[in-house]
Amino acid sequence: MRSLGSLTRYAEGRLERLRDAGQHRTLKPTRRMAEGRAERAGRGLISFCDNDYLSLSCDPRLIAAASQAAEQFGVGAGASRLITGDGPLNEQLETRLAAKKGLEACRVFGSGYLANIGTIPALVGKGDTIVMDALSHACMHAGARLSGAEIRIFRHNDLAHAEALMGDAPGQLLVLTETVFSMDGDLAPLADLGALCERHDAWLMTDDAHGFGVLEQDNPAPLQMGTLSKAAGAYGGYVCGPAPVIDMLTSRARSLVYTTGLPAPVLASALSALDVMDAEPERAGRAKAHAAHFCKRLGLPAPESVIVPLIIGEEARAMAISAELEEAGYLVTAIRPPTVPQGTSRLRITFCAGHSQADVDGLADALQKALRS
Ligand SMILES: *Cc1c(COP(=O)(O)O)cnc(C)c1O
């Protein structure tokens, strides 16, 4: 007889606190389809909350590549890449990614999250210092904590603050930021940040999860990570950098060494996505044009990326507007604490290549109506 009394009581207590704080989250069964379409509870919806910016996740070419790779290589990698031997698709993908980033070498990880929590602790540890933007993604914060280095956080995009924190920092300095901020859609001042890091002999590592394939910027960072799970429409993460660093990560990044490699169908679909990105640059252009058109319609400042945050403030109001939009046929999830700071609950609206102009106008109409009520 197992005694689960204290375990379930613990969970129930935590759930009650989450509910009281309005932070209890649930999963909603949803079928995603091509061109930003989705189906939930039997209703067709247009999704404006995907990171599938180029609408590649349901693209027939990626699907065909995945099916073929499954036939040829099977669906599981069997073990860590260091144990079973490395399938050919990993290397092909890494070569393509390094070339795309203009960096010497690349290592593909199981996900962007795994790339960050493996790479950061492989670079710095106890006695070193990490200086990071306050709005860096949760997995950069997690990687920083895992490293054991001292963590200093600068106000979002405030380089004077960053520099002040670098002054007396012990050990090696590692600076972390995003290229395109995931919840705000604004950009990091990469050139200035690169120069600052140069002056302080700090290593700069950027997270390009929301730039990759959509908004490629000049980036002076010697270490650039990103994900294949967003614009590339597939799954996985990567880190590009100098060859010796990548070589070292292969032995030292625990989230590479101690976890199973990506399945061949996933790698093949990511490779196919890179082909489509090269062949059809207009896909990124369409997503950006949609974001710009939407902002104009709502009288918002011109967007810097394909992510448009509409800050509502109150969590309950953000939830109510999101529900009203869903009623009207548009999927726009409310983002609330702890994902974003208290009092900045928002609708995070993302635009994809597969949306039509009519989709975007429809959303703008529905949103204007919801905001008035
Ligand atoms: C989504 C995201 C990640 C994690 O990537 P996954 O491949 O989904 O694990 C990392 N950083 C940022 C900024 C992200 O938005």
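Basis of the calculations
Residues numbered from 1 in each chain as written. Predicted model: local features only at pLDDT ≥ 70, side-chain atom pairs only at ≥ 80, totals over all residues. Heavy atoms only, no water. Helix = DSSP H or I, 4+ residues; strand = E, 2+ residues; numbered from the N terminus. Rg over C-alpha atoms; globule rule 2.2 N^0.38 Å. Buried < 20%, exposed > 50% of the residue type's maximum accessible area, 1.4 Å probe, protein only. Contact = heavy atoms within 4.5 Å. Areas by Shrake-Rupley, 256 points an atom, 1.4 Å probe, with all protein chains shown as cover. Lys, Arg positive; Asp, Glu negative; His and termini not counted. Charge placed at Lys NZ, Arg CZ, Asp CG, Glu CD. Near = heavy atom within 4 Å. Polar contact = N/O pair within 3.5 Å; in protein donor to acceptor, adjacent residues only side chain to side chain. Nonpolar A, V, L, I, M, F, W, Y, C, P; charged D, E, K, R; others polar. Pairing = 2+ DSSP bridges. Domains from an automatic or database assignment. Buried area = accessible area lost by both parts, 1.4 Å probe. Salt bridge = Lys/Arg side-chain N within 4 Å of Asp/Glu carboxyl O. Axes fitted to C-alpha atoms, helices over the stretch in contact; angles between N-to-C directions. Parallel < 35°, antiparallel > 145°, perpendicular 65-115°, else oblique. Left-handed = near helix turned anticlockwise from the far one by under 90°. UniProt positions renumbered as here; feature names shortened; annotations may be inferred. Core = buried A, V, L, I, M, F, W, Y, C linked by side-chain atoms within 4.5 Å.

Undergrad: Can you lay out the overall build of the protein for me, pointing to particular residues and giving the numbers?
TA: Within the protein, the regular secondary structure consists of 14 helices and 14 strands. Rg of the C-alpha trace for the protein: 21 Å, near the compact-globule value of 21 Å for 373 residues, within the 12% margin. Along the first, second and third principal axes, the C-alpha set of the protein runs to 60 × 55 × 50 Å. In the protein, buried positions account for 51% of the 373 residues. Residue pairs at least 24 apart in sequence account for 69% of intrachain contacts in the protein once pairs closer than 6 positions are excluded. Carbon and sulfur atoms form 54% of the exposed surface of the protein, whose accessible area is close to 17,200 Å². One way to put it: in the protein the 37 positive side-chain charges average out to a point 6 Å from where the 43 negative ones average out.

Undergrad: Could you give an account of the site of the ligand, with specific residues and numbers?
TA: In the vicinity of the ligand lie 14 residues, with Gly112, Asp207, His210, Thr227 and Lys230 positioned nearest. Between aspartate 207 and the ligand, the recorded distance is 2.6 Å, taken from a side-chain N or O atom to a nitrogen atom. Per-class residue counts for the shell around the ligand are three nonpolar, eight polar and three charged.

Undergrad: Kindly report on the sheet that holds strand β12 (residues 330–331), identifying the contributing residues and their values.
TA: Sheet architecture is open: four strands sit in the order β1-β2-β3-β12, paired in mixed fashion. At either end of the open sheet lies a strand with only one pairing partner, and these are β1 (31–32) and β12. Relative to β12, strand β3 (residues 43–47) is paired through two bridges, and the arrangement is parallel. Each residue of the ladder has a partner; that of serine 47, found in β12, is leucine 331.

Undergrad: Kindly report on the domain arrangement of the protein, identifying the contributing residues and their values.
TA: Annotation of the protein at the domain level lists domain 1 (26–57 + 281–371) and domain 2 (77–262). Distance between the C-alpha centres of domain 1 and domain 2: 27 Å. Across the boundary between the two partners, domain 1 contributes 18 residues, which contact 16 residues of domain 2. Between domain 1 and domain 2 lies a buried interface of about 1,400 Å² when both sides are counted; carbon and sulfur atoms form 62% of it. Of all residues in domain 1, Tyr53, Glu304 and Ile307 give up the largest surface area on contact with domain 2, accounting jointly for 31% of the area buried on that side. For arginine 346, the salt bridge is made with aspartate 184, and the minimal N-O distance between the two is 3.2 Å. Listing elements by their share of the side of domain 1 that touches domain 2, those giving two or more residues are α12 (282–298), β11 (307–313) and β14 (345–350). Looking at the side of domain 1 that touches domain 2 residue by residue, the classes come out as nine nonpolar, four polar and five charged.

Undergrad: Help me get a handle on the packing of helix α5 (residues 112–123) against helix α6 (residues 138–147), residues and values and all.
TA: Packing of α5 against α6 brings their axes to within 8 Å, and their N-to-C directions diverge by 30°. Taken together, the axes of α5 and α6 are roughly parallel relative to one another. As for how α5 packs across α6, the hand of that crossing is right-handed. Here Gly112, Tyr113, Asn116, Ile117, Ile120 and Pro121 of α5 come into contact with α6, specifically with Cys139, Met140, Ala142, Gly143, Ala144, Leu146 and Ser147. Taken together, the residues of the contact of α5 with α6 break down into nine nonpolar, four polar and no charged.

Undergrad: Report on the UniProt feature "domain: Aminotransferase class I/classII large" (unreviewed entry) in the protein, specifying residues and quantitative values.
TA: The UniProt entry lists residues 45–367 under the feature "domain: Aminotransferase class I/classII large" (unreviewed entry), expressed in the numbering used here. For residues 45–367, helix accounts for 44% and strand for 17%, while the C-alpha atoms at its two ends are 15 Å apart.

Undergrad: Tell me about the nonpolar core, residues and numbers included.
TA: Grouped together as the largest cluster of nonpolar side chains are 36 residues, with contacts concentrated most on Leu93, Leu97, Phe212, Leu228 and Tyr238. The set of elements that each furnish at least two residues to this core consists of α2 (60–73), α4 (88–101), β4 (105–109), β10 (237–241), α11 (264–279) and α12. Of all the elements, α11 adds the most residues to this core, at nine residues. Composition of this core by domain shows at least three residues from each of domain 1 (26–57 + 281–371) and domain 2 (77–262). Discounting residues that sit within four places of it in the chain, leucine 93 has contacts with Val108, Leu228, Leu267, Ala270, Leu271 and Leu274. With 24 residues, the next largest nonpolar core counts Ile46, Ala291, Leu310 and Ile312 among its residues.

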